[in-house]
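Topology and contacts: notes
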Amino acid sequence: MNRDAVTSIAEAIEKMKPQFTSLSDSIWDFAELKFDEKQSSGLLAETLEANGFAVTRGVAGMETAFIGEFGQGQPVIAILGEFDALAGMSQAAGIAEHRPLASGGTGHGCGHNLLGVGSLMAAIALARHLKDNSIAGTVRYYGCPGEEGGSGKTFMVRAGLFDDVDTALTWHPAPFNGVRSTNNLAVLEYFYRFKGVAAHASNAAHLGRSALDAVELMNVGVNFLREHMPQDCRVHYAITDTGGRAANVVQAQAEVVYLIRAPEMPQALDLVKRVDKVARGAAMMTETDVEIVFDTASTNLLPNITLETAMHENMVALGPIAFDEADLDFAKSIQDTFTEEAIKSSIRLYQIKGDVFSNARVDGATPLHLGLREFEGHSHFRAGSTDVGDVSWVTPTAQCWTPTWAIGTNPHTWQVVAQGKSAGAHKAMAHAAKAIATTGLSLMTSPELLAAAKAEWAEKTDGQAYICPIPAEISPAVHSPKVK
Ligand SMILES: [Zn+2]
């Protein structure tokens, strides 16, 4: 893309930084859980309106889901933002020690305060650029609630909100800078609820039928199943109801929740059938009943190398992030809380090496990723899952990562919350906004690029959008923290 346009967007985003930094800090303060993000979504939606976007609130049956639209005509570029926090992640900002602000409180343990606002900056900067340069096209900001275990985007896709979208762009906070193509796993979540018969555990044990025994046998059975499933699949569980704390009572009810993951959704659905058989076997062995309850799902991510290449090229044009000594010092103090093994594993996992700018290897000596990761032009296995996957099956989708966190930082840790308001994180957030806005502009101004991204998507999907198989009766409301 033309360098003047990259520079002009980058400069505009730098000017926007003070206002949007304070917006991100406010969302960090709210730290609202999935589907309860009223203040966070309210602030983001108001900011869009103040910048000339037409906002529709409460879309797809979710009070905190919204869409802001600017411009008109084709192409329609979607920019995705998240803003939900995590339970039990309360932590003070700007310090390198574990200090919760409130015991059991919430916190932005995945950096979604930065994610939602970085994407918002990109949407507004791109909209202004289109207007100032009389470029046709529509920019849409998708306010996506409940990413953490709620699959908000999955419901937005099911409601058809992406049907007329040409491409979708997003990003995620990370310990590295660049585009890393991944094909995250499809995931399905089910509760297995066992019901038995209570009895005195000593003098009438023969009359009892233990639901807890059934849960234990199910888990043992699934642990044996593990050896005989495709190696890229993942199955994990948590016992959510042990049936009580009294050892002298045969537990009449017990519950275990399972996450079942596979490279593609049909494979995950096949694996669920096998896990269900184990659950029924456990019920048979214990003469209990089992109820299998669907909770949530997300489809695997379909990478789009064409879009990712365009995003990487814009990140090359943007150059390095201007981290200063203070940013590095704070990152170093955070890094000092990690083991050597965690730092090395982070570098290995994200393949932070062979730097585009300096061509130097990153060996952990630098607490923040100062360069740009090379883009290999192919995808990597990633064991996690994301509801961005559902968007990627209905429209070509790409995302980048920027170094809001010290190398070695893992998502869903207090260290993420501690870094959520740092000056370095704000710089990385603005950088992500630049990468998204410039890529949006590339798509708006290059019909060839857009056509190539769509052709790749059509080839990978046989031209068929895939909608995550969430049962029709399941609505986002079942995931609301107030309901559940
Ligand atoms: Zn996240």
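If you're wondering where the values come from, they're calculated on a predicted model, not measured in any experiment.

Looking now at the layout of surface pockets. Of the pockets and cavities examined, the largest pocket occupies roughly 1,200 Å³. As for the largest pocket, its lining consists of 49 residues, of which E147, E148, R261, S385 and H412 are closest to the centre. Only β5 (167–174), β6 (182–184), β7 (186–195), β9 (253–262), β10 (289–298), α9 (340–350) and β12 (397–403) provide two or more residues apiece to the lining of the largest pocket. Of the residues forming the lining of the largest pocket, the biggest block, 4 residues, is contributed by β5. Here the lining of the largest pocket is composed, by residue class, of 22 nonpolar, 16 polar and 11 charged. When residues are assigned to domains, the lining of the largest pocket turns out to be shared by domain 1 (3–182 + 301–461) and domain 2 (186–298), each giving three or more. Put simply, the second largest pocket is a space of about 220 Å³. Lining the second largest pocket are 14 residues, and of these E14, L318, P320, H431 and K434 sit closest to its centre.

Bringing the coordination of the zinc ion into the picture now. Ideal geometry at a metal centre: 109.5 degrees between donors when four sit tetrahedrally, and 90 or 180 degrees when six sit octahedrally. Looking at the zinc ion, one finds its protein donor set to be C110 (SG), H112 (NE2) and H172 (NE2), positioned 2.1 to 2.3 Å from the metal centre. Spacing between the donor residues of the zinc ion along the chain follows C-x1-H-x59-H. Taken together, the positions of C110 in the loop between β3 (76–82) and α3 (112–132) and H172 in strand β5 put the pair 62 residues apart, joining distant regions of the chain. Each of the two residues, C110 as well as H172, counts as buried.

To continue, consider the sheet that holds β5. The strand order across the open sheet formed by 6 strands is β1-β2-β4-β3-β5-β12, and the pairing between neighbours is mixed. At either margin of the open sheet sits one strand with a lone partner, and together these are β1 (54–57) and β12. Within the sheet, the average angular offset between the axes of one strand and its neighbour, ignoring direction, is 20°. This element, helix α2 (residues 38–50), spans β1, β2 (66–72) and β4 (137–144) of the sheet and lies at about 155° to β1. Contacts from helix α7 (residues 305–318) reach β5 and β12, with the element oriented near 35° to β12.

On to the environment of A199, then. Relative to the elements of secondary structure, A199 occurs in the loop between β7 and α5 (211–225). With relative accessibility at 15%, the residue A199 sits in the buried group. Counting along the chain gives 52 residues from A199 to Q251, while the straight-line C-alpha distance between them is 7.9 Å. Filtering out sequence-adjacent residues up to four positions away, A199 remains in contact with A204, L207, G208, N248, V249 and V250.

Moving on: the nonpolar core. Residues I13, L44, F53 and M121 are the most contacted members of the largest nonpolar core, which totals 60 residues. A total of 12 residues in this core trace back to one element, the largest contributor, which is α3. F53 has contacts with L48, G68, E69, F70, A123, I124, A127 and V139, leaving out every residue within four places of it along the chain. Of all hydrophobic cores here, the second largest spans 55 residues; its members include V165, L212, L271 and V394.

Right, let's talk about unusual backbone geometry for a bit. For the bond running from Q74 to P75, omega is -10°, close enough to zero to count as cis. With respect to the secondary-structure elements, P75 resides in the loop between β2 and β3. Phi at E287 is positive, roughly 55°, even though this residue is not glycine. As for its placement among the helices and strands, E287 is situated in the loop between α6 (265–286) and β10. Non-glycine residue D462 carries a positive phi angle of around 55°. Assignment of secondary structure puts D462 in the segment after α13 (447–461). A relative accessible area of 70% means that D462 is categorised as exposed.

On to the packing of α5 against α6. Relative orientation of the contacting elements α5 and α6 amounts to 140°, with a least axis distance of 8 Å. As judged from the angle between their axes, α5 and α6 are oblique. Between α5 and α6 lies a crossing of right-handed hand. Each of D213, A214, L217, M218, G221, V222 and L225 in α5 lies in contact with α6, whose residues at this interface are R274, V275, V278, A279, A282, M285 and T286.

With that out of the way, let us pick up the pattern of salt bridges. A side chain with one charge can pair with a side chain of the opposite charge if their charged atoms come near. According to the stated counting rule, one finds 18 salt bridges in the structure shown. For R373, the salt bridge identified is with E376, shortest N-O distance 2.7 Å. On the basis of relative accessibility, which here comes to 34%, the residue E376 falls in the partly exposed class. Salt bridges here are not isolated pairs; linked through shared partners, they connect E69, R140 and D164.

In this section: the confidence of the model for the protein. Mean pLDDT over the protein works out to 93, with 96% of the residues at or above the 70 mark. Here residues 480–484 scores under 50 on pLDDT; set against residues more than four positions off or in separate chains, the count is 12 contacts.

Let us now look at empty space enclosed by the protein. Take a probe with the size of a water molecule and roll it over the atoms, and the empty space left behind shows itself. Here the structure, examined in full by the defined rule, presents 1 cavity of 30 Å³ or more. The computed volume of the largest cavity comes to approximately 60 Å³. Taken together, 13 residues make up the lining of the largest cavity; nearest its centre are L301, E308, T397, A398 and Q399. For the lining of the largest cavity, the secondary-structure elements that each account for two or more residues are α10 (388–392) and β12. It is β12 that contributes the most residues to the lining of the largest cavity, 4 residues altogether.

We now examine the domain arrangement of the protein. Domain annotation for the protein reports domain 1 (3–182 + 301–461) and domain 2 (186–298). Relative to domain 2, the C-alpha centre of domain 1 lies at a distance of 36 Å. The partner domain 2 presents 8 residues to the 11 residues of domain 1 that form the contact. Run the count over domain 1 and domain 2 and you get 0 salt bridges. Among the residues making up the side of domain 1 that touches domain 2, the classes are represented as 2 nonpolar, 7 polar and 2 charged.

Spatially, the 4 strands line up as an open sheet ordered β8-β9-β7-β10, and their pairing is antiparallel. Two strands bound the open sheet, and with one partner strand each, they are β8 (234–241) and β10. On average, each strand axis in the sheet is tilted by 20° relative to the strand beside it, whichever way the strands run. In the sheet, β7 pairs with β10 via 9 bridges, with the strands oriented antiparallel. Looking at the pairing, E189 lines up with T296 of β10.

What counts and how
Residues numbered from 1 in each chain as written. Predicted model: local features only at pLDDT ≥ 70, side-chain atom pairs only at ≥ 80, totals over all residues. Heavy atoms only, no water. 1 Å grid on protein atoms, 1.4 Å probe; cavity = no way out; pocket = protein on both sides within 12 Å on 5 of 7 lines; lining within 4 Å. Points joined across faces, edges and corners; volume = space filled by probe spheres on them. Helix = DSSP H or I, 4+ residues; strand = E, 2+ residues; numbered from the N terminus. Nonpolar A, V, L, I, M, F, W, Y, C, P; charged D, E, K, R; others polar. Domains from an automatic or database assignment. Donors = N, O, S within 2.8 Å, 3.2 Å for Na, K, Ca; no water. Buried < 20%, exposed > 50% of the residue type's maximum accessible area, 1.4 Å probe, protein only. Pairing = 2+ DSSP bridges. Axes fitted to C-alpha atoms, helices over the stretch in contact; angles between N-to-C directions. Contact = heavy atoms within 4.5 Å. Core = buried A, V, L, I, M, F, W, Y, C linked by side-chain atoms within 4.5 Å. Parallel < 35°, antiparallel > 145°, perpendicular 65-115°, else oblique. Left-handed = near helix turned anticlockwise from the far one by under 90°. Salt bridge = Lys/Arg side-chain N within 4 Å of Asp/Glu carboxyl O. pLDDT = per-residue confidence, 0-100.

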